[in-house]
Amino acid sequence: MSKPPTNGGKDARKANKRGAARLAAVQALYQMDMAGSGLNEILAEFESHWLGREVEGAQYLPAEAAFFRDIVTGVVREQRALDPMIDEALQRGWPLQRIEAVIRAALRAGAYELSHRRDIPARVVITEYADVAAAFVERDETGMVNAVLDQLARKLRGEEFTA
């Protein structure tokens, strides 16, 4: 059982805003992949119409906009380095391009955080993106996201797992 926050819930609120930012980032990356939307276009659309607003009857949680922007721009900037790492972590015969687009977006975002956001513990990144994937896909695919990101984390941040 986790200890309740002692700072009036600020950590929980920040975590929820980051979780919402991750979910929005995966949705934005998915939309870029499927519709061919450009980076500036997708950032403007999500920041003005989605983050913390009601869209088509669904209330989107307030998200940490700077964190959302960092993930999306980071994935786009680093995609040429991220995709081969993800391909290597996937099982043989399942190149990243064969993976469902929303899973591909979650793997890219998770790989970006693992490789470029060392301020966030690897286990948090893995859990968060498995949870994001669960919002879109079946349990087996969520397990694959968990397994691939765990493998990447152990390679990129092995020091966090030797305790």
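A brief look at the structure comes next.

Procedures and definitions
- Residues numbered from 1 in each chain as written.
- Predicted model: local features only at pLDDT ≥ 70, side-chain atom pairs only at ≥ 80, totals over all residues.
- Heavy atoms only, no water.
- Helix = DSSP H or I, 4+ residues; strand = E, 2+ residues; numbered from the N terminus.
- Areas by Shrake-Rupley, 256 points an atom, 1.4 Å probe, with all protein chains shown as cover.
- Phe/Tyr/Trp six-rings, centres within 6.5 Å; stacked < 30°, edge-to-face > 60°.
- Buried < 20%, exposed > 50% of the residue type's maximum accessible area, 1.4 Å probe, protein only.
- Lys NZ or Arg CZ within 6 Å of the ring centre and 35° of its normal.
- Axes fitted to C-alpha atoms, helices over the stretch in contact; angles between N-to-C directions.
- Parallel < 35°, antiparallel > 145°, perpendicular 65-115°, else oblique.
- Left-handed = near helix turned anticlockwise from the far one by under 90°.
- Contact = heavy atoms within 4.5 Å.
- Nonpolar A, V, L, I, M, F, W, Y, C, P; charged D, E, K, R; others polar.
- Core = buried A, V, L, I, M, F, W, Y, C linked by side-chain atoms within 4.5 Å.
- Expected span 1.5 Å × (residues − 1).
- Salt bridge = Lys/Arg side-chain N within 4 Å of Asp/Glu carboxyl O.

Notes on the overall build of the protein
Item 1. Regarding its fold elements, the protein presents six helices and two strands.
Item 2. Element order for the protein, N to C, with α for helix and β for strand: α-α-β-β-α-α-α-α.
Item 3. Per element, the accessible surface of the protein, about 9300 Å² overall, is 51% carbon and sulfur.

So, the packing of aromatic side chains
Centre-to-centre distance and the angle between the planes together describe a pair of aromatic rings.
Item 1. Evaluation of the coordinates by the stated rule reveals one aromatic pair.
Item 2. Measuring from ring centre to ring centre gives 5.8 Å for Phe-46 and Phe-68, while their planes differ by 25°; the resulting arrangement is stacked. With a gap of 22 residues between them, Phe-46 in helix H2 (residues 39–50) and Phe-68 in helix H3 (residues 65–89) connect regions that are remote in the sequence.
Item 3. Taking relative accessible area as the criterion, Phe-46 reaches 1% and is therefore assigned buried.
Item 4. Residue Phe-68 is classed as buried on the basis of its relative accessible area of 0%.
Item 5. Stacked on the ring of Phe-67, the Lys or Arg Arg-18 has its end atom at 4.3 Å from the ring centre.

Focus: the packing of helix H5 (residues 122–134) against helix H6 (residues 139–156)
Item 1. Two elements in contact, H5 and H6, have axes whose closest approach is 8 Å; the angle formed by their N-to-C orientations is 160°. In terms of axis orientation, H5 runs roughly antiparallel to H6. At the point where H5 passes H6, the crossing takes the right-handed sense. Here Ala-122, Ile-126, Tyr-129, Ala-130, Ala-133 and Ala-134 of H5 come into contact with H6, specifically with Thr-142, Val-145, Asn-146, Leu-149, Asp-150 and Ala-153.
Item 2. Partitioned by chemical class, the residues of the contact of H5 with H6 number nine nonpolar, two polar and one charged.

Examining the nonpolar core
Item 1. In this structure, Phe-68, Val-72 and Tyr-129 are the most contacted members of the largest nonpolar core, which totals 45 residues.
Item 2. Those elements that place two or more of their residues in this core are helix H1 (10–35), H2, H3, helix H4 (101–116), H5 and H6.
Item 3. Counting residues per element, this core draws most heavily on H4, which supplies nine residues.

Overview of H4
Item 1. For H4, with 16 residues, the first-to-last C-alpha span of 22 Å sits near the 22 Å given by 1.5 Å per residue.
Item 2. Among the 16 residues in H4, 14 count as buried, and that is most of the element.

With respect to the pattern of salt bridges
Pairing between side chains becomes possible if they bear opposite charge and their charged atoms approach one another.
Item 1. If you walk through the whole model with that rule in mind, you get eleven salt bridges.
Item 2. Between Arg-154 and Asp-150 there is a salt bridge, with the nearest N and O atoms lying 2.9 Å from each other. Taken together, the residues Arg-154 and Asp-150, both in helix H6 and four residues apart, mark about one turn of the helix.
Item 3. Its salt-bridge partner being Arg-157, residue Glu-160 comes within 2.9 Å of it at the nearest N-O pair.
Item 4. Judged by relative accessible area, which is 26%, Glu-160 ranks as partly exposed.
Item 5. The class of Arg-157 is buried, set by a relative accessible area of 0%.
Item 6. Three or more residues are tied together by salt bridges with common partners; here these are Arg-22, Glu-113 and Glu-128.

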